[in-house]
Amino acid sequence: MNNWQNWAVALILLLCIVRIGQSIYSFFRGVKEKRNPCANCATGCELKNLYEKKRSECSEERKETKKKCKESVLFFTSGTTGANKCVMLSEENILSDIYGACSIFKPNGDVFACLPFHHAFGLITSILKPFFYNETIFINNSLKNILTDLKISRPNTMFVVPTFIETFYKQIWKNAKKNKKTHLLKSMIKTSKMLLKIGIDLRKQLFKSIHNSFGGNIEYIICGGAYLDPKYIIFFRSIGINILNGYGITECSPVVAVNRNHYYRDGSVGQIVKGAEIKIKENEILVKGKMVMLGFYKDKKATDEVLKDGYFHTGDFGYIDKDGFLFITGRKKNLIILSNGENISPELIEEELSHDEAVSEIIVYENNNKLLAEIYPREEYLGNESY
């Protein structure tokens, strides 16, 4: 072995001995903690009582003010799947989604907010929902200062879109390569996974420098807004940071599903929030509940196209597995129908091809009844004809 490898093995063995010693000491002192796997889940009696109390208070307030179905805020959709639309949300819409999402996930400390407040995800999810738990919220003043602000605020939880995750991932490996520690990082991840199998969690100690770049206390990163490759979730979990993927849409105030603190499924967007009723019709996800919008502002035609029989038609394809986890498989407007009648979601093909290490960006489309893929390679593979 090289000298640094000897030191690495010695450090790991020392940490293991310390950890085992602590467990033995706690056992004989009779103070070993008996952990409840759902102790930190947002599904206990405490949350239930708080939920019922706040729901009752807000219900009385609505009766008094007669504002139950009045629009309180207007959000413009991003327009990524068509023309921008103005979504009307009421207090009941927003409060229902706050209660529903908070029954699924609970932050264990301070929250870091770095998403724009003119989006429902940035305002309702990363600001109003932490307020429900009386958590301190740190607001990032500029994306240029995000790493600095993370170190100052030292949050437990942050809410982001996939671009942040992908950037963090690339930066971690870039720094490892720059410091000639790529092999060491891979070895430490492998060692950490083996230790976890025997109940020894040393991820915070082994990957302390990475955790420190997030402030040192980061435990959860909630991600939504677009597709996230499960490889990022697996990687960050291996270094001690849990990425919990979720699914939402502005018209639903916005969260529809999210993975739980201690009960999650890679590749899924989590379980359905309390109060939402989901139906899968012809592969499309339909949502019903008090979190569904009042409609589009001064656009009855567009409203009638998506609100039918009490359900909001999301335009997203997906399915729910036997354990209640929701999976997104594509977008209705992107569906490709070939001359043989076969329906193809390009997102599924793009996901599979994106696993190739040389692929940076990819788009799959139909041309003259043929499927085509345009690929933009990663910088290190540009001009590499042999590959």
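Residues numbered from 1 in each chain as written. Predicted model: local features only at pLDDT ≥ 70, side-chain atom pairs only at ≥ 80, totals over all residues. Heavy atoms only, no water.

**Student:** In this structure, what is going on with the overall build of the chain? I would like to understand it.
**Tutor:** A tally of helices and strands in the chain yields 12 helices and 19 strands. Across the chain, contacts joining residues at least 24 apart in sequence account for 60% of those joining residues at least 6 apart. Surface accessibility of the chain: about 22500 Å² in total, with carbon and sulfur atoms responsible for 53%. (Helix = DSSP H or I, 4+ residues; strand = E, 2+ residues; numbered from the N terminus. Contact = heavy atoms within 4.5 Å. Areas by Shrake-Rupley, 256 points an atom, 1.4 Å probe, with all protein chains shown as cover.)

**Student:** Is there a simple way to think about the nonpolar core in this case?
**Tutor:** Taken as a class, soluble globular proteins show a tendency for nonpolar side chains to be buried jointly. The biggest cluster of nonpolar side chains holds 81 residues, and the ones touching the most others in it are Met158, Ile165, Phe214, Ile221, Phe236 and Ile239. Per-element tally for this core: the top contributor is helix α6 (residues 162-178), with 7 residues. (Core = buried A, V, L, I, M, F, W, Y, C linked by side-chain atoms within 4.5 Å. Buried < 20%, exposed > 50% of the residue type's maximum accessible area, 1.4 Å probe, protein only.)

**Student:** What am I meant to see in the packing of aromatic side chains here?
**Tutor:** Aromatic ring pairs are defined here through the distance separating the ring centres and the angle between the ring planes. Applying the stated criterion to the full structure yields 11 aromatic pairs. A ring pair is formed by Tyr169 and Phe235, whose centres lie 5.0 Å apart and whose planes are at 85 degrees; its orientation type is edge-to-face. Highlighted residues: Tyr169 in helix α6 and Phe235 in helix α10 (residues 230-238), separated in sequence by 66 residues. Take Phe235: its relative accessible area is 8%, and that puts it in the buried class. In textbook terms, an aromatic cluster arises when at least three aromatic residues are bridged by ring pairs, as seen for Tyr169, Trp173, Tyr232, Phe235 and Phe236. A cation sits over an aromatic face here: Lys279 above Tyr311, 4.2 Å from the ring centre. (Phe/Tyr/Trp six-rings, centres within 6.5 Å; stacked < 30°, edge-to-face > 60°. Lys NZ or Arg CZ within 6 Å of the ring centre and 35° of its normal.)

**Student:** Got a minute to help me understand the side chain of Asp149 in this structure?
**Tutor:** Tracing the chain through its elements places Asp149 in helix α5 (residues 146-153). No salt bridge forms around the buried Asp149; measuring N to O, its nearest opposite-charge neighbour Lys151 is 11 Å away. Polar side-chain contacts of Asp149 include one of 2.7 Å to the side chain of Asn140. Apart from residues lying up to four places away in sequence, Asp149 is in contact with Phe112, Asn140 and Asn141. (Lys, Arg positive; Asp, Glu negative; His and termini not counted. Salt bridge = Lys/Arg side-chain N within 4 Å of Asp/Glu carboxyl O. Polar contact = N/O pair within 3.5 Å; in protein donor to acceptor, adjacent residues only side chain to side chain.)

**Student:** What is the right way to read the pattern of salt bridges from this model?
**Tutor:** A pair can form between side chains of opposite charge whenever their charged atoms are brought close. Tallying each qualifying case throughout the model produces 9 salt bridges. Asp266 is paired through a salt bridge with Arg237; the nearest N and O atoms lie 2.5 Å apart. One end of the pair, Asp266, is in the loop between β8 (255-258) and β9 (271-272); the other, Arg237, is in helix α10, with 29 residues separating them in the sequence. Given a relative accessible area of 32%, Asp266 falls into the partly exposed group. Between Asp323 and Lys322 there is a salt bridge whose closest N-O contact spans 3.4 Å. When its relative accessible area of 27% is taken as the criterion, Asp323 is described as partly exposed. In this structure Lys322 comes out as exposed when scored by relative accessible area, which is 78%. Shared partners join several salt bridges into a network, and the residues in it are Arg265, Asp321, Lys322 and Asp323.

**Student:** Looking at this structure, how should I read α10?
**Tutor:** In an α-helix there are 3.6 residues to a turn, and that puts residues three or four apart on one side. The element α10 is extensively covered by neighbouring structure, given that 7 of its 9 residues are classed as buried. Three or more residues of α10 are buried, namely Pro230, Tyr232, Ile233, Phe235, Phe236, Arg237 and Ser238. Looking at the buried residues of α10, the elements they touch are α6, α7 (182-197), α8 (203-206) and β7 (242-248). Looking at where α10 begins, the residue whose side-chain oxygen comes 2.9 Å from the main-chain nitrogen of Lys231 is Asp229. Of the residues one or two after α10, Gly240 is the one with positive phi, at around 100 degrees.

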